[in-house]
Amino acid sequence: MKKPIKIVLVSDNHGNPAGLDYVREKHRGADYFIHCGDAELPTWMLTDFSVVQGNNDGYGQFPSRLIMPVGEHQIYICHGHRDMFFGHFDMLAAKAKEAGCDICFFGHTHIPYDQVIDGVRVINPGSIWHNRDGSAPSYKIVTLNGKKVDVAEMTYEKKLEKK
């Protein structure tokens, strides 16, 4: 039996590297680190992440979309600002399905989300910097075990900087 695949999924840190440092440290054994855009950091600070371009990232700095084969899945990764009208997650599912993907990771909304739409698992980790729904900053751990997809929502407790 194959070992489950662990994906750390983040988005929207908006120039603050602390949350990314936290997930790197806490989840050292992860198989993949994926960033759904609006990192607002130089590429050298993200070499261990697969990253897509958000609406606040430098154009041409990262690809606008990625399709990643992982285990028995095809994952469509985007920020979301070019792939849907706000709240129309069915548009993301349709684009993922059209690309032959059964999972879609996206960011942009700063609100965690996880639903199956037309056979596609559509997942947003929320923002590891600031969620717009009042919840704590968040990220997701996605575990792939064959065809099975498990998603755990994690919170990031911001640490106050010592002066």
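Residues numbered from 1 in each chain as written. Predicted model: local features only at pLDDT ≥ 70, side-chain atom pairs only at ≥ 80, totals over all residues. Heavy atoms only, no water.

> Can you lay out the overall build of the protein chain for me, pointing to particular residues and giving the numbers?
Looking only at helices and strands, the protein chain has two helices and 10 strands in total. Ordering the α and β elements of the protein chain from the N terminus gives β-α-β-β-β-β-α-β-β-β-β-β. Against the compact-globule benchmark of 15 Å for 163 residues, the protein chain has a radius of gyration of 15 Å, which places it among compact chains. In terms of overall dimensions, the protein chain has a C-alpha envelope of 50 × 40 × 30 Å along the principal axes. In the protein chain, which comprises 163 residues, the proportion classed as buried is 47%. Relative to all contacts within the protein chain whose residues are 6 or more apart in sequence, the contacts with residues 24 or more apart total 49%. As presented, the protein chain carries roughly 8,200 Å² of accessible surface, and 53% of it is formed by carbon and sulfur atoms. (Helix = DSSP H or I, 4+ residues; strand = E, 2+ residues; numbered from the N terminus. Rg over C-alpha atoms; globule rule 2.2 N^0.38 Å. Buried < 20%, exposed > 50% of the residue type's maximum accessible area, 1.4 Å probe, protein only. Contact = heavy atoms within 4.5 Å. Areas by Shrake-Rupley, 256 points an atom, 1.4 Å probe, with all protein chains shown as cover.)

> Account for the pairing of strand S10 (residues 148-155), naming residues and giving values.
Examined bridge by bridge, strand S9 (residues 138-145) and S10 share eight bridges and lie antiparallel to one another. Note on S10: the bridge partner recorded for Leu 144 is Val 149. If you look at the hairpin formed by S9 and S10, you'll find two residues sitting between the two strands, and Gly 146 has a positive phi there, around 65°. (Pairing = 2+ DSSP bridges.)

> Please give an account of the environment of Leu 92 that cites residues and values.
Tracing the backbone shows Leu 92 in helix H2 (residues 89-98). Judged by relative accessible area, which is 0%, Leu 92 ranks as buried. Separated by 25 residues in the primary sequence, Leu 92 and Ile 117 place their C-alpha atoms 9.0 Å from one another. Setting aside residues no more than four positions away along its own chain, Leu 92 makes contact with Cys 78, Asp 83, Met 84, Cys 104, Phe 106 and Val 122.

> Describe the environment of Gly 71, naming the residues involved and giving the relevant values.
Mapping Gly 71 onto the fold places it in the loop between strand S4 (65-70) and strand S5 (73-78). Through-space distance from the C-alpha of Gly 71 to that of Ile 5 is 7.4 Å; in sequence the pair is 66 residues apart.

> For the sheet that holds S5, give the residues involved together with the corresponding values.
Taking strand neighbours across the sheet as the criterion, the five strands line up as S4-S5-S6-S8-S7 in an open arrangement whose pairing is mixed. At either margin of the open sheet sits one strand with a lone partner, and together these are S4 and strand S7 (113-117). Neighbouring strand axes in the sheet, compared pairwise and without regard to direction, differ in orientation by 20° on average. Sheet topology note: the S4/S5 ladder contains six bridges and is antiparallel. Bridge assignment links Ile 67 to a residue of S5, and that residue is Tyr 76. Relative to strand S8 (residues 120-124), H2 is tilted by about 125°, and along the sheet it contacts S5, strand S6 (103-105), S7 and S8. (Axes fitted to C-alpha atoms, helices over the stretch in contact; angles between N-to-C directions.)

> Before we move on, could you go through the packing of aromatic side chains and cite the residues and values that matter?
Under the criterion given, the structure shown has six aromatic pairs. The interplanar angle of 75° and the centroid separation of 6.3 Å between the aromatic rings of Tyr 22 and Tyr 139 together place this pair among those described as edge-to-face. Highlighted residues: Tyr 22 in helix H1 (residues 18-26) and Tyr 139 in strand S9, separated in sequence by 117 residues. Linked through ring pairs, Tyr 22, Tyr 139 and Tyr 156 together constitute an aromatic cluster. (Phe/Tyr/Trp six-rings, centres within 6.5 Å; stacked < 30°, edge-to-face > 60°.)

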